[in-house]
Amino acid sequence: MEEEMRAAVGKTTQVGTEREKMSSQKETIYLDYSATAPMYPEAVEAMLPFFTEQFGNASSQYSVGMNAKKAIETARKQIAESIGARPEEIYFTGSGTEADNWAIKAIPENYRSKVNHIITTKIEHHAVLHACEAMEKAGYHVTYLTPQEDGTILPSDVKAAVTPETVLISVMAANNEIGTIEPYAEIAKFAAKEGILFHTDAVQAYGKLPIDVSDGKIALLSASAHKIGGPKGVGFLYVRRDVRLTPFLHGGAQERKRRAGTENVPGIVGFARAAELTFAGRQEREERERRLREHFIKRVLTEIPYARLTGSATNRLNHHASFCFQFVEGETILILLDADGVCASSGSACTTGQTAPSHVLSAIGIPDELARGAVRFTMGENTTKEQLDFTVDRLKDIIERVRAMTPYYAQFTDKNRR
Ligand SMILES: *Cc1c(COP(=O)(O)O)cnc(C)c1O
């Protein structure tokens, strides 16, 4: 069985090489924007001077340093405006993961004298989940809420989980694996009323959904540059100004003494430029991406038997389509798609290489054997309808061929025919 698979992979690679020979340049179809987005050339350009003539340390007192400082503060202002925050509420971090860890670890620690309970969900990114697990080891209680079948976390479930001990509620704005948009604003409103701090991992939502923290309900929000066409290795944590936040890194006085370490000046500048471009084109992109996504989902579900859309059919990120294909392994599909130049993912870039089925798919009640057939396609500015049509055509063919080698599938279809 495995040998047959490998032979099939080899064959497709050969077909791929033939294709490469025919067209001197094989097109790569990138459909993994939720793992990382290609950088805006304008963001790269904005960064370049800060590697060369503007190389100064932002803490220095001469002009080349002060220019760097000025660039950081301009970026902070731009980023703050993108979510309706004040510049002094934005702390730059080394990643979205760092922003999540900071929120989860520093807040309960800081409010500990009163309370020791955290509420989160079973479908958070590992940056939140594993940070919560670390907090459990440190003696905190954590409630992990189960979503609905479409991935939605019910505000009523959040309310029911609150105890007098609850200090922090962390619910993501939108899920990376299944694209479902969470009612985070409603949960934030409830939390604010109860005097509980609310954090949202908005790494997938930032730049995709309108986010507005100006009503003061959201206490903490994480985002990351590389998911919106900025550089890797830079993120931010929004911290509402009344929230007591302990430093994440101790050292120098950077980020108002709360996140020490010489600032990643080019990264921060590139992040702000990417945010500017992303938000400027957001509404137009939203329309276009929704239309492309609907076309893609419709073709997959009507042309490929035993395919199931995961996550919400309607309340999902516009650029996001995720499926489970019965009787096939997601990994096999990805390898064969790659041979055709198509980049997709099995759900989350961070869990690639793990053999256990995704924690998100388990949480929404998808059985393990179906979860193993998970494939996620996430599109972006450069995605075209032609690319998606090509992808469906290849996908159809690949799944048919792989299933034909699966004795279980033959038995299943035989039984159904009788
Ligand atoms: C990518 C991602 C992260 C991690 O961000 P990095 O900047 O890559 O560390 C956190 N949460 C979600 C939902 C993500 O999609």
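Refer to the structure presented above.
Caption draft 1: Focus on the packing of aromatic side chains. Under the criterion given, the structure shown has 17 aromatic pairs. Taking the centre distance of 6.0 Å and the plane angle of 65 degrees together, the rings of F296 and F323 count as edge-to-face. Of this pair, F296 sits in helix α10 (residues 282-303) while F323 sits in strand β10 (residues 320-325); the two residues are 27 residues apart in sequence, bridging distant segments of the chain. Across the pair, exposure class does not vary: F296 and F323 are buried alike. A ring pair is formed by Y306 and Y409, whose centres lie 6.1 Å apart and whose planes are at 80 degrees; its orientation type is edge-to-face. Of this pair, Y306 sits in the loop between α10 and β9 (307-309) while Y409 sits in helix α15 (residues 407-417); the two residues are 103 residues apart in sequence, bridging distant segments of the chain.

Caption draft 2: Just the site of the ligand, in detail. What surrounds the ligand is a group of 13 residues, the closest being T97, D201, Q204, S224 and K227. A distance of 2.7 Å separates a nitrogen atom of the ligand from a polar side-chain atom of D201. With respect to the ligand, the side chain of S224 contributes an N or O atom lying 2.6 Å from an oxygen atom. Isolated, the ligand exposes 380 Å² of accessible area, and the fraction of that covered by the protein chains is 90%. Per-element accounting of the shell around the ligand gives the leading share, three residues, to helix α4 (residues 96-110). Residues of the shell around the ligand, tallied by class, amount to two nonpolar, eight polar and three charged.

Caption draft 3: Looking closely at helix α5 (residues 126-137). A rise of 1.5 Å per residue sets the reference length of α5, with its 12 residues, at 16 Å; its end C-alpha atoms lie 16 Å apart and thus fit the reference within 8%. Along α5, the residues classified as buried are H126, A127, V128, L129, A131, C132 and M135. Buried residues in α5 make contact with α4, β3 (117-121), β4 (141-145), β5 (166-170), β6 (197-201) and α12 (359-363). Backbone geometry just downstream of α5 places G139 in the positive-phi region, at approximately 105 degrees.

Caption draft 4: Examining the packing of α4 against α5 more closely. At their nearest, the axes of α4 and α5 sit 9 Å apart, and the two run at 30 degrees to each other. With respect to α5, the axis of α4 lies roughly parallel. Relative to α5, the crossing made by α4 is right-handed. Here T97, D100, N101, I104, K105 and P108 of α4 lie close against α5, whose contacting residues are A127, V128, A131, C132, A134 and M135. Grouping the constituent residues of the contact of α4 with α5 by class yields eight nonpolar, two polar and two charged.

Caption draft 5: Up close: the packing of helix α11 (residues 330-339) against helix α14 (residues 385-404). Where α11 contacts α14, the two axes come as close as 10 Å, and the packing angle between them is 130 degrees. Taken together, the axes of α11 and α14 are oblique relative to one another. The two elements α11 and α14 meet at a crossing, and its hand is right-handed. In this structure, α11 contributes T332, I333, L336 and L337 to the contact, and α14 contributes R394, L395, I398, I399 and V402. The class makeup of the residues in the contact of α11 with α14 is seven nonpolar, one polar and one charged.

Basis of the calculations
- Residues numbered from 1 in each chain as written.
- Predicted model: local features only at pLDDT ≥ 70, side-chain atom pairs only at ≥ 80, totals over all residues.
- Heavy atoms only, no water.
- Phe/Tyr/Trp six-rings, centres within 6.5 Å; stacked < 30°, edge-to-face > 60°.
- Helix = DSSP H or I, 4+ residues; strand = E, 2+ residues; numbered from the N terminus.
- Buried < 20%, exposed > 50% of the residue type's maximum accessible area, 1.4 Å probe, protein only.
- Near = heavy atom within 4 Å.
- Polar contact = N/O pair within 3.5 Å; in protein donor to acceptor, adjacent residues only side chain to side chain.
- Areas by Shrake-Rupley, 256 points an atom, 1.4 Å probe, with all protein chains shown as cover.
- Nonpolar A, V, L, I, M, F, W, Y, C, P; charged D, E, K, R; others polar.
- Expected span 1.5 Å × (residues − 1).
- Contact = heavy atoms within 4.5 Å.
- Axes fitted to C-alpha atoms, helices over the stretch in contact; angles between N-to-C directions.
- Parallel < 35°, antiparallel > 145°, perpendicular 65-115°, else oblique.
- Left-handed = near helix turned anticlockwise from the far one by under 90°.

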